[in-house]
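Commentary on secondary and tertiary structure
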Amino acid sequence: MIISEDLFVLLQDERVQVYLIVLAIAIYKCNTIYQGVINDSSSTSGISKQNSNNTVLSIISRKIIPPILSVCIIGITWFYIFRFILTHQFTSESYFDDAYKDVLREHYFSSTQLLTWAIVAVVWVSEEGGGGSVLFLLYGFLGAMGASFVLWVPLMVLKKKQKLTAAAKRKFVPVVFLFTSIVSFYCIVKIRPCENDGQYFDDKLCSEDLGFGSFLISFRFYLHGLHLVLLLPIAVTLLFPAKSWFQVDSALLYGLTGIVLSIWHLSQLLNKNNTTDGWW
């Protein structure tokens with residue numbers, strides 16, 4: 001009863017209402033795009049009645065499983081989000097900031113792998129384009145990246161199959177993605193918990209632990225900056241034609257990003273001072 005009352009109070013917040021409405025629209029649009037592409041593919045594939053067993057398997061694997069997985073992922077994710085919010089509804093100054101702090105203070109190593117993957121994911125979605133890619137990113141950022149990509153990736157695989165006969169071409173992305181990838185990585189480094197990094201132990205640099213761990217005083221700046229910078233190149237390239245930008249070979253960008261991030265993650269792994277259970 002208390003939980004339902006607290007949830008009702010939460011849902012009365014206009015900011016929460018706008019957030020959830022935008023998320024709901026993104027989820028609906030992404031599922032509509034997904035089902036539309038899958039239906040068009042099925043109708044043009046020319047499957048005969050003799051292959052009815054394969055047809056059933058195809059329907060299950062392409063039309064049913066991905067949407068169900070997406071629903072499960074978004075459901076589990078938001079169960080924990082709402083549980084966190086309702087637990088700290090009257091003690092947290094910012095659900096967004098404190099939720100990140102609560103996870104990062106215990107699982108910085110694994111969490112940063114997901115955050116750095118988002119850097120690559122944004123470039124990948126932008127490189128492929130089409131199919132309402134921006135909507136899938138919106139679904140991922142507001143809802144859950146896994147829930148979004150479990151729908152988007154099959155669409156890209158289908159797109160590749162339909163173009164197998166076409167000659168392979170090197171792909172390029174605007175140079176802005178190179179700069180935003182660098183800035184995003186820097187922001188991820190800066191949201192590290194103070195207790196896991198001796199150089200931040202200075203009281204002048206670290207905030208007081210209010211139950212979610214101690215972080216740099218500028219934690220909010222870097223966390224919000226990370227999300228804005230990840231989305232910035234999408235907005236810029238939508239407003240200004242990509243052809244007007246200097247282009248970077250996407251394969252080269254993936255390679256450089258992979259090398260830098262791998263070295264950084266391995267350096268964390270090899271740091272004995274940071275391999276406690278909480279660190280993972």
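Heads up: these notes are all about the structure in this document. All values derive from a computational prediction rather than experimental measurement.

1. Looking at empty space enclosed by the protein
To locate leftover empty space, one rolls a probe as large as a water molecule over the atoms. Under the defined criterion, the tally for this structure stands at two cavities of 30 Å³ or more. Secondary structure elements with two or more residues in the lining of the largest cavity: helix H4 (95-128), helix H7 (176-190) and helix H8 (219-239). Here the element with the most residues in the lining of the largest cavity is H7; it accounts for four residues. Taken as a whole, the second largest cavity spans an internal volume of roughly 30 Å³. Around the second largest cavity, the lining residues are Ile-119, Val-120, Val-123, Ser-181, Leu-253, Tyr-254 and Thr-257. Breaking the lining of the second largest cavity down by element, the ones donating at least two residues are H4 and helix H9 (250-270).

2. Some details on the packing of H4 against H8
Helix-helix packing is characterised by the crossing angle of the two axes and by the distance between the axes. Put simply, H4 and H8 touch, their axes get as near as 11 Å, and they point 15° apart. With respect to each other, H4 and H8 are oriented roughly parallel. For H4 against H8, the interelement crossing comes out left-handed. In contact with Phe-96, Asp-97, Tyr-100, Lys-101, Leu-104, Leu-115, Ala-118, Ile-119, Val-122 and Ser-126 of H4, H8 contributes Phe-219, Arg-220, Leu-223, His-224, Leu-226, His-227, Leu-230 and Ile-234.

3. Brief notes about the environment of Cys-206
Mapped onto the secondary structure, Cys-206 falls in the loop between H7 and H8. Separated by 13 residues in the primary sequence, Cys-206 and Phe-219 have C-alpha atoms spaced 9.1 Å apart.

4. A short note on the state of the cysteines
For the structure on display, the rule yields one disulfide. The disulfide that involves Cys-194 links it to Cys-206, with 2.1 Å between the sulfurs. An S-S torsion of about -105° defines the bridge between Cys-194 and Cys-206 as left-handed. Here Cys-194 is found in the loop between H7 and H8, whereas its partner Cys-206 is found in the loop between H7 and H8, with twelve residues between them in sequence. A residue is classified by how much of its surface remains accessible, and Cys-194, at 2% relative accessible area, is buried. Here Cys-206 falls in the buried class, since its relative accessible area comes to 11%.

5. Concerning the nonpolar core
Core analysis: the biggest nonpolar cluster contains 50 residues, and Val-122, Tyr-139, Phe-177, Ile-191 and Leu-230 have the highest contact counts within it. Broken down by secondary-structure element, the contributors of at least two residues to this core are helix H2 (14-44), helix H3 (52-87), H4, helix H5 (133-142), helix H6 (145-162), H7, H8 and H9. Setting aside chain neighbours within four positions, we find Tyr-139 in contact with Leu-23, Ala-26, Ile-27, Cys-30, Ser-70, Ile-74, Ala-144, Ala-147, Ser-148 and Leu-151.

6. Notes on the layout of surface pockets
What the largest pocket holds in volume is close to 1,800 Å³. Looking at the lining of the largest pocket, the elements that each hand over two or more residues are helix H1 (2-11), H2, H3, H4, H5, H6 and H8. No other element matches H4, which puts 14 residues into the lining of the largest pocket. Of the residues in the lining of the largest pocket, the class split is 30 nonpolar, ten polar and five charged.

Criteria and cut-off values
- Residues numbered from 1 in each chain as written.
- Predicted model: local features only at pLDDT ≥ 70, side-chain atom pairs only at ≥ 80, totals over all residues.
- Heavy atoms only, no water.
- 1 Å grid on protein atoms, 1.4 Å probe; cavity = no way out; pocket = protein on both sides within 12 Å on 5 of 7 lines; lining within 4 Å.
- Points joined across faces, edges and corners; volume = space filled by probe spheres on them.
- Helix = DSSP H or I, 4+ residues; strand = E, 2+ residues; numbered from the N terminus.
- Axes fitted to C-alpha atoms, helices over the stretch in contact; angles between N-to-C directions.
- Parallel < 35°, antiparallel > 145°, perpendicular 65-115°, else oblique.
- Left-handed = near helix turned anticlockwise from the far one by under 90°.
- Contact = heavy atoms within 4.5 Å.
- Disulfide = S-S within 2.5 Å.
- Buried < 20%, exposed > 50% of the residue type's maximum accessible area, 1.4 Å probe, protein only.
- Core = buried A, V, L, I, M, F, W, Y, C linked by side-chain atoms within 4.5 Å.
- Nonpolar A, V, L, I, M, F, W, Y, C, P; charged D, E, K, R; others polar.

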